[in-house]
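Below are the chains, spelled out letter by letter.
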Amino acid sequence: QFLLDGVARRQYRIDWRLREAGLECTSEHRVVMAAAVDEGCHFLSDRNVETRRVVMDELTASYPWVQHVLDDGKSLEVDGMGLRTRLECPDWAWGGLKDAFLGNENHLIRELKALQRPAPLDLRVNTLLCPTREDALRNISKAGFTTAKRTPWSPLGIRFPKRDVPLGKIPGLLSRAVEPQDEGSQLVAALVDARPGETVCDYCAGSGGKTLPLAAQMRNRGRLYSLDVSETRLARGKARCVKAGVSNVQRQVVSKDMERKDKWCKRRKRTFDRVLVDAPCSGVGSWRRKPDARWMWEVFDGEVSDGAVRLEELLILQQQILRRAARLVKPGGRLVYVTCSLLPQENERQIQYFLDSDEGSKWRLDPPSDFSVPFEHCDGSFLRLTPAKHDTDGFFAAVLTLT
């Protein structure tokens, strides 16, 4: 598993070195390269120097081409390797990421290198089952997990710096008093600020990753609707809700056909106090957690696709979802648009396009002034979380109010 992770985080560089040496980019060759480079040997870090030397000698004996390929001292990065390859960035995302950081190469390098590193393990305290974070953290510390600490931004988060912890032994995890959730995901859910007694919608709810914190915000009082096009995903969310002590959620499958109005949504136009749109996206911000997503984006429904074309198709869907969800919000209500992407075309440009449309003419940006993380992106209009700056997955969020 360590080696596979090592390949996933270095595949563009590994493939570049293999091609330069005239070798095929096979799974076997990639694993061998990941094991051979110094940075890929963390699976041997708990062994003595002699053991590591023996293992590496056996590796080079079985694959003599390794010494030829890595004749520079076992470093993957060499002269002639382009910046995009060094930063493990696919072509379809490169232009957007350069735009995201305004052409500042140093900023771009910091953020993409942060996306290459493994994410920590973050937990969210489920306040329906555990009164405070301090209670949960105390129980976790008593169980011997001394590295656990408070997350810096989310008031409900607990962080383990490394993910190699026995999950089944963490107090509260099996009982759902705590749930695995990246701190960034916790923060964008907190922006909804759902209140007890309100009518709230989690659009594109999936299996309920953000439905659960919304229910906790509402203290199980009021109506919380979990919407998705997949009945299977909603069914998984139902099971999670039961285990987490959530009792105020109603699930609804909505139509995939965005060209026609969904009957359920049409009947509930302008009836919701708050709507969260957790839009389907490229997932660029989650690369440190899902490193293989860089190239898997170009494999869709089992077939190789053009990543740039797929992104363009997704942008159309995002705008359609945003408009459908916006029609649910009552005057004075709140709409929160979220992606786990850093690409401007999925984020601020989508919001601006919506605001410039006829349907968006009665909406205004309404960034909260007292949120735990300052809204600094685009002159304070939006929230952008990044791995280098905030040590979270990459997220974008916009808060809008219907006037």
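Here is a short report on the structure shown in this document. All of these numbers come straight from a predicted model, not from anything done at the bench.

1. Quick look at the packing of aromatic side chains
Considering all chains together, one arrives at 11 aromatic pairs under this definition. Geometrically, the ring pair formed by tyrosine 63 and tryptophan 65 is edge-to-face, given 6.2 Å between the ring centres and 75° between the ring planes. The class of tyrosine 63 is partly exposed, set by a relative accessible area of 21%. Its relative accessible area of 17% is what places tryptophan 65 among the buried residues. Judged by centre distance (6.4 Å) and plane angle (70°), the rings of tyrosine 337 and phenylalanine 396 are edge-to-face. Linking tyrosine 337 in strand E11 (residues 329–339) with phenylalanine 396 in strand E14 (residues 395–402), this pair joins segments that are 59 residues apart in sequence. By the burial criterion, tyrosine 337 is buried, and phenylalanine 396 matches it. Among the aromatic residues, ring-to-ring pairing joins Trp92, Trp287 and Trp297 into one connected group. In this structure, arginine 310 packs its charged tip against the face of tryptophan 297, placed 3.8 Å from the ring centre.

2. A short note on the pairing of E11
Within E11, 8 of the 11 residues are buried, which leaves the element mostly enclosed by the surrounding structure. As judged from the 6 bridges shared by strand E8 (residues 272–278) and E11, these two strands associate in the parallel manner. By the bridge assignment, valine 275 is partnered in E11 with leucine 335. Pairing of E11 with E14, which is carried by 6 bridges, proceeds in the antiparallel orientation. Pairing of leucine 335 across the sheet is with leucine 400, part of E14.

3. Observations concerning the packing of helix H15 (residues 307–326) against helix H16 (residues 348–356)
Running from N to C, H15 and H16 point in directions that differ by 50°, and their axes come no closer than 11 Å. Here H16 runs oblique to H15, going by the angle between their axes. Both H15 and H16 take part in a crossing whose hand is right-handed. Of the residues in H16, those in contact with Leu315, Gln318, Gln319, Leu322, Arg323 and Ala326 of H15 are Gln350, Ile351, Tyr353 and Phe354.

4. A closer look at a nonpolar patch on the surface
A cluster of nonpolar residues, Met296, Val299 and Val304, forms a patch on the protein surface that exposes about 280 Å² of accessible area. Mapped onto the elements, methionine 296 comes out in helix H14 (residues 293–296). Among the residues examined, methionine 296 registers a relative accessible area of 39% and is labelled partly exposed.

5. Re the nonpolar core
Tyr203, Leu227, Val275, Leu335, Ile351 and Trp363 are the most contacted members of the largest nonpolar core, which has 30 residues in total. For this core, the secondary-structure elements that each account for two or more residues are strand E5 (199–203), strand E6 (223–228), helix H13 (263–267), E8, H15, E11, H16 and E14. Ignoring anything within four residues of it in the chain, the contact list for leucine 227 reads Cys201, Asp202, Tyr203, Cys204, Ala205, Gly206, Leu234, Gln252, Val254, Trp264, Cys265 and Leu328. Listed in part, the 28 residues of the second largest apolar core include Val188, Leu191, Val373 and Phe395.

Rules used throughout
Counting starts from 1 at the beginning of each chain's written sequence and moves along it residue by residue. Given that this is a predicted model, residues contribute local features only at a pLDDT of at least 70 and side-chain atom pairs are listed and counted only at 80 or more, while totals for whole chains, interfaces and linings are drawn from all residues. As a convention, hydrogens and water are excluded, and side-chain values are obtained from all of the structure's heavy atoms. Pairs were defined over the aromatic rings of Phe, Tyr and Trp, the Trp ring being its six-membered one, requiring ring centres within 6.5 Å. Orientation was assigned from the angle between planes: stacked under 30 degrees, edge-to-face over 60, tilted for the rest. Only protein chains enter the calculation, and the probe is 1.4 Å; a residue is then buried if its accessible area is under 20% of its type maximum, exposed if over 50%, and partly exposed in between. A run of DSSP states H or I qualifies as a helix once it reaches four residues; a run of E qualifies as a strand once it reaches two. Both are numbered from the N-terminal end. Two thresholds decide whether a charge sits over a ring: the Lys NZ or Arg CZ must be within 6 Å of the ring centre and within 35 degrees of the ring normal. Note on pairing: two strands pair once DSSP finds at least 2 bridges between them. For helices, the axis comes from a line fit to the C-alpha atoms of the stretch in contact; other axes are also lines fit to C-alpha atoms, and the angle between any two N-to-C directions lies between 0 and 180 degrees. Orientation labels follow simple angle bins: below 35 degrees gives roughly parallel, above 145 gives roughly antiparallel, 65 to 115 gives roughly perpendicular, and whatever is left gives oblique. Handedness of a crossing follows from how the near helix is turned relative to the far one, being left-handed for an anticlockwise turn of less than a right angle and right-handed for a clockwise one. In what follows, a contact means two residues having at least one pair of non-hydrogen atoms within 4.5 Å. Exposure above 30% relative accessible area and the absence of a salt bridge qualify a residue for a patch, where like charges join within 9 Å and nonpolar side chains (Val, Leu, Ile, Met, Phe, Trp, Tyr) within 5 Å. Each accessible area is a Shrake-Rupley estimate made with a 1.4 Å probe; only the visible protein chains count as cover when residues are assessed. Whenever Lys or Arg places a side-chain nitrogen within 4 Å of a carboxyl oxygen from Asp or Glu, that contact is recorded as a salt bridge. To form a nonpolar core, buried Ala, Val, Leu, Ile, Met, Phe, Trp, Tyr and Cys residues must be joined to one another through side-chain atoms within 4.5 Å.

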